[in-house]
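Close look at the chain arrangement
These are the residues of each chain, in order.
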Amino acid sequence: VIKKKLVRKTLDMIKKIDDSKYVEFWKEFSTNLKLGIIEDQTNRNRIAKLLRFHSSKTGPDGWTSLSEYIKDVQPEQDQIFYIAGSSYDEVSQSPFVERVLKKGYEVLYLTDAVDEYTLSNLPDFEGKRFQNVAKEGLALDKSTKTESYKKALDKKFAKLLTWMQENALKDKVHKVVLSERLSESPAALVATAFGWTGNMERLAKSNAHSKTKDATRDYYLQQKKILELNPHHPIVKELLRRVSDDENDDKVKQTASLLFATATVRSGY
């Protein structure tokens, strides 16, 4: 009972800290609060209101809370978008955020090592699910017009997608699909819904306490990713043209391998 009362009292006191002083407090104790989300199921929602993150709107020096994020969401938006990485520059320049930002959505930038673990333990906030923009499941536009446009594109690029999946990149990728999240980059490597992003792989490999032969870790590290292609990029359009002409052309295979390798690096793997 004492423990329960003390935790509640502490959280109430933190809630009452003045906004001008809160950033100072946050810089000192942010890791403790984030670990609280993972460890304390009872108070998870209370602690969630105390979290602060950098975002595409606040810049590297500003902070936003989840409540402030929710206030500014677009009418049709039912997800809270975030991306995790080692620095602000890395996440803000990632290919994964290109289209999300272009459409005017705010993206939370997670640059602390514990951040991605924290949010994976928080299923939603005030009815909106968290969506890692580096994983599958990102849906930016669900209108009927967009759906029919997507179907037309899938039909147009079907030969290239099948050729890359079953020929050029066989055994390297889980599947090859057209991307909704890219606008500038030709391709990106996306983790499956329950797979690890490049950031999670980096953290798992650098964990000082991990076992040498860890079956769970090895399972996740060996998981194949989804290669997403940008159908509006000149390289992808040219690949489609060349595959339609001659799918046994060695140059096309080399280009496909290079595209895959570059996407792997740019996606943080």
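Going by the structure above, here's the rest.
Heads up: these notes are all about the structure in this document.

1. Section: the packing of aromatic side chains
Enumeration according to the criterion identifies six aromatic pairs in this entry. Seen in terms of ring centroids, phenylalanine 25 and phenylalanine 29 are 5.2 Å apart; in terms of plane orientation they differ by 40°. Their pairing is tilted. Taken together, the residues phenylalanine 25 and phenylalanine 29, both in helix α2 (residues 19-39) and four residues apart, mark about one turn of the helix. Taking relative accessible area as the criterion, phenylalanine 29 reaches 39% and is therefore assigned partly exposed. Between the aromatic rings of tyrosine 88 and tyrosine 109, the centroid separation amounts to 5.2 Å while the plane-to-plane angle is 80°, which identifies the pairing as edge-to-face. Taken together, the residues span a long stretch of sequence, with tyrosine 88 in helix α5 (residues 88-92) and tyrosine 109 in strand β4 (residues 107-110) at a distance of 21 residues. The structure contains a cluster of three or more aromatic residues connected by ring pairs, namely Tyr22, Phe25 and Phe29.

2. As for the sheet that holds strand β5 (residues 124-125)
Spatial strand order, β2-β1-β4-β3-β6-β5: six strands in an open sheet with mixed pairing. In this open sheet, the two edge strands, each paired with only one partner strand, are β2 (59-64) and β5. Where β5 lies against strand β6 (residues 128-132), two bridges are found, and the strand directions are antiparallel. By the bridge assignment, aspartate 124 is partnered in β6 with arginine 129.

3. Examining unusual backbone geometry
One non-glycine residue, glutamate 126, adopts positive backbone phi at about 50°. Its location among the elements puts glutamate 126 in the loop between β5 and β6. We classify glutamate 126 as exposed; its relative accessible area is 51%. A positive phi angle, near 70°, is found at aspartate 171, a position not held by glycine. Residue classification places aspartate 171 among the exposed residues on the basis of a relative accessible area of 61%.

4. Description of the pairing of strand β9 (residues 225-229)
Consecutive residues of a regular strand have side chains that alternate between opposite faces of the sheet. Counting buried residues along β9, five of its five residues qualify, which places the element largely inside the surrounding structure. A two-sided burial pattern is seen for β9, the buried positions comprising Lys225, Leu227 and Leu229 on one face and Ile226 and Glu228 on the other. Pairing of strand β7 (residues 173-178) with β9 involves five bridges; the strand directions are parallel. Counterpart to valine 177 in the pairing with β9 is glutamate 228.

5. A few points about the side chain of serine 94
On the secondary structure map, serine 94 appears in the loop between α5 and α6 (98-102). Here serine 94 is in contact with Ile83 and Arg266, once residues within four sequence places are set aside.

Calculation criteria
- Residues numbered from 1 in each chain as written.
- Predicted model: local features only at pLDDT ≥ 70, side-chain atom pairs only at ≥ 80, totals over all residues.
- Heavy atoms only, no water.
- Phe/Tyr/Trp six-rings, centres within 6.5 Å; stacked < 30°, edge-to-face > 60°.
- Helix = DSSP H or I, 4+ residues; strand = E, 2+ residues; numbered from the N terminus.
- Buried < 20%, exposed > 50% of the residue type's maximum accessible area, 1.4 Å probe, protein only.
- Pairing = 2+ DSSP bridges.
- Contact = heavy atoms within 4.5 Å.

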